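# Observations on the model geometry
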Amino acid sequence: MLFRSIIWRTLEEKGGIYDSAFSSPIIANLAGKRQLVVQGREKLAGVDIASGEVLWTQMVPSFRGMNILTPLPVGDSIFTSSYQNKAWLYKISAEPDPFAVSEVWTSKTQAYMSSPVLIEGHVYLHLQNQRFTCIDLTTGERTWTSNPFGKYSSMVAQGDRIMALDQRGTLLLIKANPKEFEMIDSLKVSEEETWAHLAVSGHQLFIRELNALAAYHWQKGP
(Lines give C-alpha, C1' and ligand atoms only; values in the text may rest on other atoms or scores of the structure.)
Protein backbone atom coordinates (compact mmCIF):
# COMPACT_ATOMS: atom_id res chain seq x y z
CA MET A 1 0.00 0.00 0.00
CA LEU A 2 1.05 3.59 -0.59
CA PHE A 3 1.00 6.00 2.32
CA ARG A 4 0.99 9.76 1.93
CA SER A 5 1.70 12.40 4.55
CA ILE A 6 2.24 16.14 4.52
CA ILE A 7 5.91 17.05 5.01
CA TRP A 8 5.18 20.72 5.68
CA ARG A 9 2.59 23.40 5.05
CA THR A 10 3.29 27.13 4.98
CA LEU A 11 1.91 30.52 3.86
CA GLU A 12 -1.62 29.36 4.60
CA GLU A 13 -4.45 31.62 3.51
CA LYS A 14 -8.08 31.71 4.57
CA GLY A 15 -9.44 30.40 1.27
CA GLY A 16 -12.40 31.63 -0.68
CA ILE A 17 -12.60 33.75 -3.81
CA TYR A 18 -10.37 36.53 -2.44
CA ASP A 19 -7.93 34.37 -0.47
CA SER A 20 -6.24 31.85 -2.74
CA ALA A 21 -3.28 32.09 -5.11
CA PHE A 22 -3.20 31.45 -8.86
CA SER A 23 0.55 31.93 -9.39
CA SER A 24 2.71 28.81 -9.73
CA PRO A 25 5.72 28.36 -7.38
CA ILE A 26 9.16 28.19 -8.94
CA ILE A 27 12.57 26.98 -7.69
CA ALA A 28 15.40 29.53 -7.81
CA ASN A 29 18.85 30.19 -6.36
CA LEU A 30 18.72 33.57 -4.62
CA ALA A 31 21.50 35.06 -2.48
CA GLY A 32 23.25 31.68 -2.35
CA LYS A 33 20.16 29.73 -1.25
CA ARG A 34 18.14 27.28 -3.34
CA GLN A 35 14.54 28.02 -2.47
CA LEU A 36 10.92 28.02 -3.57
CA VAL A 37 9.64 31.40 -4.75
CA VAL A 38 5.91 31.81 -4.19
CA GLN A 39 3.60 34.68 -5.08
CA GLY A 40 0.37 34.63 -3.09
CA ARG A 41 -2.51 37.05 -3.17
CA GLU A 42 -0.55 40.00 -1.80
CA LYS A 43 2.78 38.53 -0.75
CA LEU A 44 5.92 37.41 -2.57
CA ALA A 45 7.98 34.98 -0.51
CA GLY A 46 10.98 32.68 -0.45
CA VAL A 47 10.50 29.29 1.22
CA ASP A 48 13.04 26.71 2.37
CA ILE A 49 12.38 23.62 0.25
CA ALA A 50 13.25 21.09 2.95
CA SER A 51 11.55 22.63 5.98
CA GLY A 52 8.90 25.01 4.62
CA GLU A 53 10.42 27.87 6.64
CA VAL A 54 9.58 31.29 5.19
CA LEU A 55 12.95 32.91 4.46
CA TRP A 56 11.71 36.34 3.38
CA THR A 57 8.51 38.11 2.33
CA GLN A 58 7.61 41.18 0.29
CA MET A 59 4.14 42.68 0.03
CA VAL A 60 2.94 42.95 -3.59
CA PRO A 61 -0.21 45.09 -4.01
CA SER A 62 -2.92 43.73 -6.27
CA PHE A 63 -6.57 44.20 -7.18
CA ARG A 64 -8.67 41.74 -5.15
CA GLY A 65 -5.56 39.63 -4.67
CA MET A 66 -5.30 38.71 -8.34
CA ASN A 67 -1.64 37.74 -8.52
CA ILE A 68 -1.66 35.26 -11.38
CA LEU A 69 1.61 35.23 -13.30
CA THR A 70 4.64 33.22 -12.17
CA PRO A 71 7.42 35.54 -10.90
CA LEU A 72 10.67 35.57 -12.88
CA PRO A 73 13.98 35.02 -11.02
CA VAL A 74 16.97 36.82 -12.59
CA GLY A 75 20.24 36.25 -10.75
CA ASP A 76 19.55 37.36 -7.17
CA SER A 77 16.54 39.43 -8.24
CA ILE A 78 12.89 38.71 -8.99
CA PHE A 79 10.66 40.43 -11.55
CA THR A 80 6.91 40.38 -10.97
CA SER A 81 3.74 42.29 -11.81
CA SER A 82 0.17 42.21 -10.54
CA TYR A 83 -3.30 42.82 -11.95
CA GLN A 84 -4.37 46.50 -12.16
CA ASN A 85 -1.22 47.57 -10.34
CA LYS A 86 2.44 47.82 -11.29
CA ALA A 87 5.60 45.82 -12.05
CA TRP A 88 8.63 45.49 -9.77
CA LEU A 89 12.16 44.20 -9.66
CA TYR A 90 13.23 43.10 -6.17
CA LYS A 91 16.75 42.27 -5.02
CA ILE A 92 17.23 39.45 -2.49
CA SER A 93 20.29 39.77 -0.23
CA ALA A 94 21.73 37.40 2.39
CA GLU A 95 22.30 40.24 4.86
CA PRO A 96 21.03 41.12 7.35
CA ASP A 97 20.54 37.56 8.50
CA PRO A 98 18.74 35.67 7.17
CA PHE A 99 17.57 37.64 4.10
CA ALA A 100 16.59 41.14 3.04
CA VAL A 101 14.45 42.39 0.16
CA SER A 102 14.98 45.74 -1.57
CA GLU A 103 13.18 47.35 -4.50
CA VAL A 104 15.45 47.99 -7.50
CA TRP A 105 12.79 49.73 -9.58
CA THR A 106 9.05 49.92 -10.15
CA SER A 107 7.10 50.51 -13.37
CA LYS A 108 3.52 51.39 -14.27
CA THR A 109 3.42 48.23 -16.41
CA GLN A 110 0.29 46.18 -15.66
CA ALA A 111 0.43 42.46 -16.35
CA TYR A 112 -2.52 40.08 -16.13
CA MET A 113 -2.18 36.28 -16.40
CA SER A 114 0.73 35.70 -18.76
CA SER A 115 4.09 34.79 -17.22
CA PRO A 116 7.09 36.75 -18.60
CA VAL A 117 10.13 35.42 -20.47
CA LEU A 118 13.68 36.77 -20.20
CA ILE A 119 16.01 37.12 -23.19
CA GLU A 120 19.37 38.93 -23.02
CA GLY A 121 18.51 41.36 -20.24
CA HIS A 122 15.00 42.16 -21.45
CA VAL A 123 11.65 40.94 -20.15
CA TYR A 124 8.94 40.20 -22.71
CA LEU A 125 5.44 40.32 -21.25
CA HIS A 126 1.79 40.23 -22.34
CA LEU A 127 -0.20 42.96 -20.60
CA GLN A 128 -3.62 43.51 -19.10
CA ASN A 129 -4.46 45.78 -22.06
CA GLN A 130 -3.82 42.83 -24.45
CA ARG A 131 -0.54 44.22 -25.79
CA PHE A 132 2.96 42.76 -25.71
CA THR A 133 5.77 44.82 -24.25
CA CYS A 134 9.54 44.69 -23.81
CA ILE A 135 11.16 45.95 -20.58
CA ASP A 136 14.83 46.74 -20.06
CA LEU A 137 15.60 44.83 -16.88
CA THR A 138 18.38 47.24 -15.89
CA THR A 139 16.25 50.39 -15.88
CA GLY A 140 12.65 49.16 -15.81
CA GLU A 141 11.88 51.23 -18.93
CA ARG A 142 9.65 49.86 -21.66
CA THR A 143 11.43 49.86 -25.04
CA TRP A 144 8.25 49.17 -27.04
CA THR A 145 4.58 48.20 -26.71
CA SER A 146 2.70 46.40 -29.48
CA ASN A 147 -0.83 46.70 -30.84
CA PRO A 148 -3.51 44.64 -29.03
CA PHE A 149 -3.72 40.87 -29.53
CA GLY A 150 -5.67 38.33 -27.45
CA LYS A 151 -6.75 38.63 -23.83
CA TYR A 152 -4.11 36.10 -22.80
CA SER A 153 -0.92 34.65 -24.25
CA SER A 154 1.18 31.79 -22.90
CA MET A 155 4.81 32.23 -23.96
CA VAL A 156 7.87 30.03 -24.36
CA ALA A 157 11.27 31.22 -25.56
CA GLN A 158 14.29 29.70 -27.26
CA GLY A 159 17.22 31.81 -28.42
CA ASP A 160 15.79 35.00 -29.89
CA ARG A 161 12.41 33.47 -30.71
CA ILE A 162 9.21 33.63 -28.64
CA MET A 163 6.24 31.37 -29.31
CA ALA A 164 2.98 32.79 -27.95
CA LEU A 165 -0.43 31.10 -27.90
CA ASP A 166 -3.45 33.31 -27.23
CA GLN A 167 -6.88 32.22 -25.99
CA ARG A 168 -8.38 32.44 -29.50
CA GLY A 169 -6.31 29.51 -30.76
CA THR A 170 -3.79 31.71 -32.60
CA LEU A 171 -0.10 30.85 -32.38
CA LEU A 172 2.39 33.69 -32.86
CA LEU A 173 6.11 33.48 -33.59
CA ILE A 174 7.80 36.66 -32.36
CA LYS A 175 11.42 37.73 -32.67
CA ALA A 176 12.90 38.92 -29.37
CA ASN A 177 13.93 42.34 -30.60
CA PRO A 178 14.38 44.92 -27.81
CA LYS A 179 14.08 47.80 -30.29
CA GLU A 180 10.66 47.01 -31.80
CA PHE A 181 7.83 44.48 -31.88
CA GLU A 182 8.64 42.02 -34.67
CA MET A 183 6.21 39.24 -35.50
CA ILE A 184 7.67 36.59 -37.78
CA ASP A 185 4.52 34.57 -38.43
CA SER A 186 1.12 33.56 -37.07
CA LEU A 187 -1.02 30.45 -37.45
CA LYS A 188 -4.55 29.51 -36.43
CA VAL A 189 -4.16 26.18 -34.62
CA SER A 190 -7.55 25.76 -32.95
CA GLU A 191 -11.16 26.81 -33.43
CA GLU A 192 -11.70 26.32 -29.69
CA GLU A 193 -10.44 28.49 -26.83
CA THR A 194 -6.87 27.75 -25.69
CA TRP A 195 -6.36 29.12 -22.18
CA ALA A 196 -3.91 26.44 -21.00
CA HIS A 197 -0.16 26.99 -21.27
CA LEU A 198 1.57 25.99 -24.49
CA ALA A 199 3.94 23.00 -24.08
CA VAL A 200 6.97 22.42 -26.30
CA SER A 201 9.17 19.32 -26.51
CA GLY A 202 11.78 19.34 -29.25
CA HIS A 203 9.89 19.85 -32.52
CA GLN A 204 6.52 18.99 -30.99
CA LEU A 205 3.87 21.41 -29.73
CA PHE A 206 1.11 20.35 -27.37
CA ILE A 207 -1.96 22.57 -27.18
CA ARG A 208 -4.79 22.05 -24.71
CA GLU A 209 -7.96 23.10 -26.46
CA LEU A 210 -11.26 23.55 -24.65
CA ASN A 211 -12.35 19.97 -25.35
CA ALA A 212 -9.21 18.17 -26.54
CA LEU A 213 -5.43 17.94 -26.54
CA ALA A 214 -3.75 18.55 -29.89
CA ALA A 215 -0.16 17.71 -30.87
CA TYR A 216 1.70 19.42 -33.73
CA HIS A 217 5.08 18.86 -35.36
CA TRP A 218 7.02 22.10 -35.81
CA GLN A 219 9.49 22.29 -38.69
CA LYS A 220 11.18 24.91 -40.81
CA GLY A 221 9.36 25.66 -44.05
CA PRO A 222 10.87 25.34 -47.55
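Thresholds applied
- Residue positions are given per chain, counting from 1 as you read along its sequence in written order.
- In keeping with the model being predicted, local features are shown solely for residues with a pLDDT of at least 70 and side-chain atom pairs are shown and tallied solely at 80 or more, while totals for entire chains, interfaces and linings include all residues.
- Computation of side-chain values covers all heavy atoms of the structure but excludes hydrogens and water.
- Grid points spaced at 1 Å over the protein atoms alone were grouped into cavities, where a 1.4 Å probe fits but cannot get out, and pockets, open sets with protein on both sides within 12 Å along at least five of seven lines, with lining residues defined by an atom within 4 Å of a point.
- Grid points are joined across faces, edges and corners, and a volume is the space filled by probe spheres set on the points.
- Strands are runs of DSSP state E lasting at least 2 residues, helices are runs of H or I lasting at least 4, and numbering of each runs from the N terminus.
- Ten residues, namely Ala, Val, Leu, Ile, Met, Phe, Trp, Tyr, Cys and Pro, are considered nonpolar, four, namely Asp, Glu, Lys and Arg, are considered charged, and the remaining ones, Gly among them, are considered polar.
- Here a strand pair is declared whenever DSSP counts at least two bridges between the two strands.
- As a rule, the C-alpha atoms of each element are fitted with a line to give its axis, helices using only the stretch in contact, and angles between N-to-C directions run from 0 to 180 degrees.
- What counts as a ring pair is set by centres within 6.5 Å for rings of Phe, Tyr and Trp (its six-membered ring), and what kind of pair is set by the plane angle: stacked under 30 degrees, edge-to-face over 60, tilted for all other angles.
- Here's how the labels work: a residue is buried when its accessible area is under 20% of the maximum for its type, exposed when over 50%, partly exposed in between, all with a 1.4 Å probe on protein chains only.
- Salt bridge, as applied in this entry: a Lys or Arg side-chain nitrogen positioned within 4 Å of an Asp or Glu carboxyl oxygen.
- For the purposes of these results, a polar contact is taken to be a pair of N or O atoms within 3.5 Å, where, inside protein, one atom must be able to donate a hydrogen and its partner to accept one; residues adjacent in sequence count only when each atom of the pair is a side-chain atom.
- Residue contacts follow a heavy-atom distance rule, with two residues in contact if any of their heavy atoms lie within 4.5 Å.

Let us look at empty space enclosed by the protein. Taken as a whole, this structure holds 1 cavity of 30 Å³ or more when the rule is applied. Taken as a whole, the largest cavity encloses approximately 40 Å³ of empty space. Taken together, Tyr-124, Leu-125, Phe-132, Thr-133, Trp-144, Met-155, Ile-162, Ile-174 and Phe-181 make up the full set of residues lining the largest cavity. Counting residues per element, the ones that place at least two in the lining of the largest cavity are β10 (122-126) and β11 (131-136). Of the residues belonging to the lining of the largest cavity, the class tally is 8 nonpolar, 1 polar and no charged.

Quick look at the sheet that holds strand β18 (residues 204-208) now. A sheet is described by the order of its strands in space; here 3 strands give the open sequence β17-β18-β19, paired in antiparallel fashion. One side of each edge strand has no neighbouring strand; the edge strands of this open sheet are β17 (199-201) and β19 (213-217). Strand-to-strand twist across the sheet, computed as the mean angle between neighbouring axes with direction ignored, equals 20°. Examined bridge by bridge, β17 and β18 share 3 bridges and lie antiparallel to one another. The partner of Val-200 across the bridge, within β18, is Leu-205.

Per the stated rule, a full pass over the model turns up 10 aromatic pairs. Look at Trp-88 and Tyr-90: their rings are 6.4 Å apart centre to centre, the planes differ by 15°, and that puts the pair in the stacked class. When the centroid spacing of 5.4 Å and the interplanar angle of 65° are considered together, the rings of Trp-144 and Phe-181 count as edge-to-face. Separated by 37 residues along the polypeptide, Trp-144 in strand β12 (residues 142-148) and Phe-181 in the loop between β15 (170-175) and β16 (182-188) bring together distant segments of the chain. Look at Trp-144 and you get buried, because its relative accessible area is 9%.

Bridging between β18 and β19 involves 5 bridges; their strand directions are antiparallel. In the strand pairing of β19, Ile-207 is matched with Ala-214. Linkage of β18 to β19, two consecutive antiparallel strands, is achieved through a turn of 4 residues.

For the rest of this paragraph, the subject is the sheet that holds strand β1 (residues 26-30). For sheets, the rule is that strands pair by backbone hydrogen bonds, running either parallel or antiparallel. Strand order across the open sheet formed by 4 strands is β1-β2-β3-β4, with antiparallel pairing between neighbours. Here the strands that pair on one side only, and so sit at the sheet edges, are β1 and β4 (54-59). Between one strand axis and the next, the sheet turns through 30° on average, direction left out of account.

So, on to the pattern of salt bridges. Under the definition given, this model contains 3 salt bridges. Its salt-bridge partner being Lys-33, residue Asp-48 comes within 2.8 Å of it at the nearest N-O pair. Of the two residues, Asp-48 sits in strand β3 (residues 43-48) while Lys-33 sits in strand β2 (residues 33-39), which places them 15 residues apart along the sequence. Owing to a relative accessible area of 27%, Lys-33 belongs among the partly exposed residues under this scheme.

Our next topic: the side chain of Gln-39. Of note, Gln-39 is situated in strand β2. At a separation of 3.3 Å, a polar atom in the side chain of Gln-39 contacts the side chain of Asn-67.

The subject of this paragraph is the side chain of Asp-166. Residue placement: Asp-166 occurs in strand β14 (residues 161-166). On the basis of relative accessibility, which here comes to 0%, the residue Asp-166 falls in the buried class. Residues in contact with Asp-166, not counting those within four places in the same chain, are Gly-150, Tyr-152, Ser-153 and Thr-194.

This paragraph deals with the environment of Ile-184. Its location among the elements puts Ile-184 in strand β16. A residue is classified by how much of its surface remains accessible, and Ile-184, at 40% relative accessible area, is partly exposed. Sequence spacing of Ile-184 and Met-66 is 118 residues, and the spatial spacing of their C-alpha atoms is 32 Å. Ignoring any residue separated from it by four or fewer positions in sequence, one finds Ile-184 in contact with Arg-161, Leu-173, Ile-174 and Lys-175.

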